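What the coordinates show
If you want the building blocks of each chain, they are given just below.
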Amino acid sequence: MIAAAVVAGVLALVPQSVRVDDVRLAAQHLREDHPNLFHDLAPARFDAAVDELADKADSLDDDELLVGLMRLAALPGVRDGHTGIFPLDPGTHRELHAYPIRMYSFSDGVYVVGQAGGSDLLRARLVAVNDRPLAEVLTAVRPVVPHDNDSSLQLRVTTYLNTAEVLHGLHLVPRVGPLRFTFERDGRRFDAELTPLPVRAYASAIGDLVHPLIPQAVSGRVPAYIARRNQALWTTKLASGRVFYLGYNEVRVNTYAASQRLLAAARTKKLRAVVIDVRNNGGGDNRTYRALVNAVAHVGRTKRVVVLISRTTFSAAENFITELELVAHPVFVGEPSGGSPNLYGDTVQTELPASGLMLRVAHIYWELSEPADARLATEPQVPVSLSSSDYFAGRDPVLGAALAAAVPPRLLAARPRFSYDKRRPLALRLGSAQTQDGVVRQSLTFDAGHGRKTAYWTHPDGNGPWPVVLFSPGSDGNAKTQLPDADRLAHRGIAALTVAPPAPLTTCRASADVRAYVNYVVGRRRALDLLPKLRGADTRRVAAVGFSFGAAVSATLAGVDHRLRGAVIQSGRAHLSAPLGAYCHSAKYARAYSAVDPFRFVSRSAPASLLFQNGRRDPISPEGDVNALVRAANGMKEQRWYDAPHELNDQARDERDAWLVQLLAG
């Protein structure tokens, strides 16, 4: 007993290794410098990762420790692309090595866009690394890459893949040194053995580490946004003077002079639109763009505003477009931004002395959008992907789409996408089940893609399987509003899921309200994802029912998600923007909100069957606009009118239930 105590005392006096010190120092700064380290990370998971890495730090080689520290620094998750350890960071004292190529992930694959000391690999598509398929290598690398969202992850992952020590630390290659890469060009595969360069030599040879797209591989005329990427802010006129273009590449310069040029140009009748290009803008200082935001907001009252965004649009550049979205309601063109509308930024730097690495930790939460804005990226209303063939030929399809949106005599609000991250956990939490009169009801919450939502799972007593109806209420509804309808269906052998919509749905701020509508639809798609987790749900027999505002949502859902067998559209109309524009006393609001009018999406509803139910005494849904919605729908459809107000009547509810029973039978 005494001997054991002595041994324990001696061990306690043994100094902790400097490698372990680095792990503990990194953990300390992540906890203390970050304003909310656990916004997307469970504390227990973080503590376990720290302890695991510290316990084995002395048994790891330098590259394994590098990867371990990178993985630890990337744990905070989404909205945290500023927090991490970065291979090309000039503050890192350890000499890391990069292979002599620059890669970019286009819509059709990962290609070489730059090469140090040669040109034979330019425009070649990467297929494998050390005989491992590229997809496998990317999967291994992603957990060490800091990111705000999938766009910034896609941008940065090739840099980590191109770092020799990262590949070695992940056990993807046997050593740091010459390595075989497999490429493809013109349908022919070939191997190339590449020797890594010290990062400083790599930076000097490539010539530009700031911008991911460089002109070396462009065989045609280099597009202006690439050729002039190193100019912080430049302007020109396009489309015969009808478009004022600002190339805004760095949020560091004073924007007053450019804003005055814009205001002067806007005073001419010829000018139709302003196009702001932030595809090359990775951020800077958000105190420098106020004059430009104010000028664009002023010009946006009479001119169209189009903003070009990309995965590079990050940090203060994301702050800039977030503020523009609130005051100028622009049309975004390109690909989802690399930054999040609300994000963590402004890093504190800490050197990890034993490793020679620089740890950066975000210490400010920039909440420039609404507090409830759960978006991870600014999504383009006009999505345009960049292919390798377009880029290498010197074509700029993003600018082309922007000019098409800016110049026509009538600017139709571009259709948003109702996409979402299918990998995001549903995080289902089930409450207790209550049974009454043969009907079972169970409360639940889940991640609806824009925050947790309350819902109720209602079904007949028994084990199922039952067909399912997904309900969507009107603008003042909640998860309980349609429970009486759910009870009616339960008595007829059909289960129902009623889910709370986003709130508020109408603020008379067009950008916020369009986003709320998109979130409503995305929440319904996430609810469909949830069904396999609910006991007794038959996911092969699913329908939707929407009332009023929910009718627009259900019509849209039928067009964008084909898991529905059918839908009942109650008291709906083609143009939801019309009554909302009248309510907000704004024609401009109505034009912007028209981007989500349901007639645009219900045209893709086939093969779902649709039942349209409307009251002839409904002042909110005029007959002409109801008929326009019915005409827009394709596939099997049926229209029924009732001598009823907007709320319909018992006859409509009885016929709805009978129609659903027949639709979902068998």
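Residues numbered from 1 in each chain as written. Predicted model: local features only at pLDDT ≥ 70, side-chain atom pairs only at ≥ 80, totals over all residues. Heavy atoms only, no water.

**A look at the environment of Phe612**
Assignment of secondary structure puts Phe612 in strand β24 (residues 609–615). Residues Phe612 and Glu64, 548 residues apart in the sequence, show an inter-C-alpha distance of 61 Å. The residues touching Phe612, leaving out its near neighbours within four places in the chain, are Ile569, Leu629, Val630, Ala633, Lys637, Glu638, Gln639 and Arg640. (Helix = DSSP H or I, 4+ residues; strand = E, 2+ residues; numbered from the N terminus. Contact = heavy atoms within 4.5 Å.)

**A look at empty space enclosed by the protein**
With the rule as written, the count across this model stands at one cavity of 30 Å³ or more. In this structure, the largest cavity occupies an estimated 160 Å³ of space. Around the largest cavity, the lining comprises 16 residues; the ones closest to its centre are Tyr104, Leu213, Arg279, Ser310 and Glu335. For the lining of the largest cavity, a count of residues per class yields eight nonpolar, five polar and three charged. (1 Å grid on protein atoms, 1.4 Å probe; cavity = no way out; pocket = protein on both sides within 12 Å on 5 of 7 lines; lining within 4 Å. Points joined across faces, edges and corners; volume = space filled by probe spheres on them. Nonpolar A, V, L, I, M, F, W, Y, C, P; charged D, E, K, R; others polar.)

**A short note on the layout of surface pockets**
In this structure, the second largest pocket spans a volume of roughly 1,400 Å³. For the lining of the second largest pocket, the elements supplying multiple residues, two or more each, are β2 (101–106), α6 (150–161) and β14 (342–352). Per element, the largest residue contribution to the lining of the second largest pocket is six residues, and it comes from α6. Class assignment for the residues of the lining of the second largest pocket results in 15 nonpolar, 19 polar and nine charged.

**Remarks on the environment of Arg79**
Looking at the secondary structure, you find Arg79 in the loop between α4 (62–74) and β1 (97–98). As a C-alpha pair, Arg79 and Ser315 span 236 residues in sequence and 9.9 Å in three-dimensional space. Beyond its immediate sequence surroundings of up to four residues, Arg79 is in contact with His147, Asp148, Ser340, Asn342, Leu343, Tyr344, Asp373, Ala374, Arg375 and Leu376.

**Section: the nonpolar core**
Val141 and Phe183 are the most contacted members of the largest nonpolar core, which totals 91 residues. At seven residues, the largest contribution of residues to this core is made by α4. With near-sequence residues (within four places) excluded, Phe183 lies in contact with Ile101, Val112, Leu121, Ala124, Arg125, Leu126, Val127, Arg188, Arg189, Phe190, Ala192 and Leu194. Judged by nonpolar contacts, the second largest core, of 36 residues, contains Ala455, Ala537, Ala555 and Ala628. (Core = buried A, V, L, I, M, F, W, Y, C linked by side-chain atoms within 4.5 Å. Buried < 20%, exposed > 50% of the residue type's maximum accessible area, 1.4 Å probe, protein only.)

**A word on the sheet that holds strand β18 (residues 439–447)**
In a beta sheet, neighbouring strands are held together by backbone hydrogen bonds and run either parallel or antiparallel to one another. Judged by pairing direction, the sheet is mixed, and its nine strands sit side by side in the order β17-β18-β19-β21-β20-β22-β23-β24-β25 without closing on themselves. At either margin of the open sheet sits one strand with a lone partner, and together these are β17 (429–436) and β25 (637–642). Adjacent strand axes in the sheet meet at a mean angle of 20°, parallel and antiparallel pairs treated alike. Strands β18, β19 (452–460), β20 (466–472) and β21 (495–499) of the sheet are contacted by helix α15 (residues 483–490), whose axis makes an angle of about 30° with β19. (Pairing = 2+ DSSP bridges. Axes fitted to C-alpha atoms, helices over the stretch in contact; angles between N-to-C directions.)

**Observations concerning the state of the cysteines**
Summed over the entire model, instances satisfying the criterion amount to one disulfide. Bridging Cys508 to Cys584, the disulfide has an S-S length of 2.1 Å. Where Cys508 bonds to Cys584 through sulfur, the torsion about that S-S bond is close to -85°, and the disulfide is left-handed. One end of the pair, Cys508, is in the loop between β21 and α16 (510–530); the other, Cys584, is in the loop between α18 (577–583) and α19 (587–593), with 76 residues separating them in the sequence. Overall, the relative accessible area of 34% leaves Cys508 in the partly exposed class. Classification of Cys584 as buried rests on a relative accessible area of 12%. (Disulfide = S-S within 2.5 Å.)

**Quick notes on the packing of α16 against helix α17 (residues 549–560)**
Relative placement of two packed helices is described by the angle separating their axes and the distance separating the axes. Axis separation between α16 and α17 bottoms out at 10 Å; the angle between their running directions is 60°. In terms of orientation, α16 lies oblique with respect to α17. Where α16 crosses over α17, the two elements pack in a sense that is right-handed. Judged by residue contacts, Tyr517, Tyr520, Val521, Arg524, Arg525 and Leu528 of α16 engage Phe549, Gly550, Ala552, Val553, Thr556, Leu557 and Val560 from α17. Of the residues contributing to the contact of α16 with α17, the split by class is nine nonpolar, two polar and two charged. (Parallel < 35°, antiparallel > 145°, perpendicular 65-115°, else oblique. Left-handed = near helix turned anticlockwise from the far one by under 90°.)

**Re the packing of helix α10 (residues 256–266) against helix α11 (residues 290–299)**
At a minimum axis separation of 8 Å, α10 and α11 run at an interaxial angle of 10°. The pairing of α10 with α11 is recorded here as roughly parallel in orientation. For the pair α10 and α11, the contacting residues are Tyr256, Ser259, Leu262, Leu263 and Ala266 in the first and Ala291, Leu292, Ala295, Val296, His298 and Val299 in the second. Taken together, the residues of the contact of α10 with α11 break down into nine nonpolar, two polar and no charged.

**Brief notes about the side chain of Asn281**
When you line up the elements, Asn281 lands in the loop between β11 (273–277) and α11. Taking relative accessible area as the criterion, Asn281 reaches 0% and is therefore assigned buried.

**Some points on the sheet that holds strand β9 (residues 233–238)**
Strand order in the open sheet formed by six strands is β9-β10-β11-β12-β13-β16, and the pairing between neighbours is mixed. The open sheet has two edge strands, β9 and β16 (382–383), and neither has a second partner. Here strand β12 (residues 304–309) runs beside strand β13 (residues 331–334); their pairing, made up of four bridges, is parallel. Bridge pairing in β13 links Ile309 to Gly334. Of the strands in this sheet, β9, β10 (243–248), β11, β12, β13 and β16 touch helix α14 (residues 397–406), which is tilted by about 165° from β12.

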